[in-house]
Amino acid sequence: MTNILFICTGNTCRSPMAESMLRHMAKTRGVSIEVQSAGVSAWEGTPMSEHAKQVLKDRQMGNEAFRSQALSGQAVSWADLILTLTLGHKQHVLQRFPEASDKTFTLKEYVHVDEDQHNIQGALNALVTELQLKLALGEQPTTEEMEELHRLQLQLPDMDIGDPYGGTLQQYKQTAEEIEEALSQLLRRLSEK
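Note that the coordinates shown come from a computational prediction; the quantities given were computed from them, not determined experimentally.

Draft legend 1. Seen up close, the packing of aromatic side chains. This structure, assessed with the given rule, holds 1 aromatic pair. Summarising the aromatic geometry, the rings of Phe105 and Tyr110 are spaced 5.1 Å apart at their centres and angled 55 degrees between planes, so their arrangement reads as tilted. Judged by its relative accessible area of 5%, Tyr110 falls in the buried class. The positively charged end of Arg189 is found above the aromatic ring belonging to Tyr110, 3.8 Å away from the centroid.

Draft legend 2. Geometry of the pairing of strand 2 (residues 33-39). Taking burial as the measure, the 7 residues of strand 2 include 5 buried ones, the bulk of the element. In terms of strand pairing, strand 1 (residues 2-8) meets strand 2 through 7 bridges, oriented parallel. Looking at the pairing, Phe6 lines up with Ser37 of strand 2. One crossover worth recording links strand 1 to the parallel strand 2 by way of helix 1 (residues 14-29), and it is right-handed.

Draft legend 3. Layout of the nonpolar core. Among the nonpolar cores identified, the biggest contains 34 residues, and Phe6 and Leu186 are the most heavily contacted of them. Those elements giving two or more residues to this core turn out to be strand 1, helix 1, strand 2, helix 2 (50-58), strand 3 (81-84), helix 5 (107-112) and helix 8 (169-192). Ranked by size, the runner-up nonpolar core spans 12 residues in total, among them Leu5, Val76, Ile82 and Phe97.

Draft legend 4. Summary view of the pattern of salt bridges. For the structure shown, the criterion picks out 8 salt bridges. The salt bridge partner of Arg14 is Asp163, with a shortest N-O separation of 3.3 Å. On the criterion of sequence distance, the pair formed by Arg14 in helix 1 and Asp163 in the loop between helix 7 (143-155) and helix 8 is long-range, its members being 149 residues apart. Judged by its relative accessible area of 48%, Asp163 falls in the partly exposed class. A salt bridge links Arg59 to Glu180; its shortest N-O distance comes to 2.4 Å. Linking Arg59 in the loop between helix 2 and helix 3 (73-78) with Glu180 in helix 8, this pair joins segments that are 121 residues apart in sequence. Note on Glu180: relative accessible area 24%, which makes it partly exposed.

What counts as what
Residues numbered from 1 in each chain as written. Predicted model: local features only at pLDDT ≥ 70, side-chain atom pairs only at ≥ 80, totals over all residues. Heavy atoms only, no water. Phe/Tyr/Trp six-rings, centres within 6.5 Å; stacked < 30°, edge-to-face > 60°. Buried < 20%, exposed > 50% of the residue type's maximum accessible area, 1.4 Å probe, protein only. Lys NZ or Arg CZ within 6 Å of the ring centre and 35° of its normal. Helix = DSSP H or I, 4+ residues; strand = E, 2+ residues; numbered from the N terminus. Pairing = 2+ DSSP bridges. Right-handed = clockwise from strand over helix to strand, strands pointing away. Core = buried A, V, L, I, M, F, W, Y, C linked by side-chain atoms within 4.5 Å. Salt bridge = Lys/Arg side-chain N within 4 Å of Asp/Glu carboxyl O.

Structure (structure tokens):
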């Protein structure tokens, strides 16, 4: 059984939708998993947002008992796989829990990574490291280096799930569709293991 932890900001919109949706989708497909979610800036015990509840209810995937939890070392240790909803959330997890680097990905990154994207990401990471070192030494990046940085960034797909917080019910539905598409790919990947 795989333990999956979803991470977003307040643990009231995206990550609880992902948690509830994956739990229901896995059960329907006979995939054995345990799912939790947490937020990098969550208030413990907060209910899911009303629009998130409505979206899940409309999909018959409700989770009325849900209450938010803050990201903790215990949750990180429990998880076999940590899936964040944005790159910023991933960076937050890795700064606080560097030991989790081998099991922490953005949701989209985990389900979409192919060899070309992996190579581009590696080149981008190396260039960013080189540029940070230059800046730390008081040197400025060259025009060519900045153009290469921009070129590499444009080649990578957006790995973030949009944040509907404070938005309309329609925005929550769009976010849920984006999450559901990624979760379908996640279940396919988990079934192949």
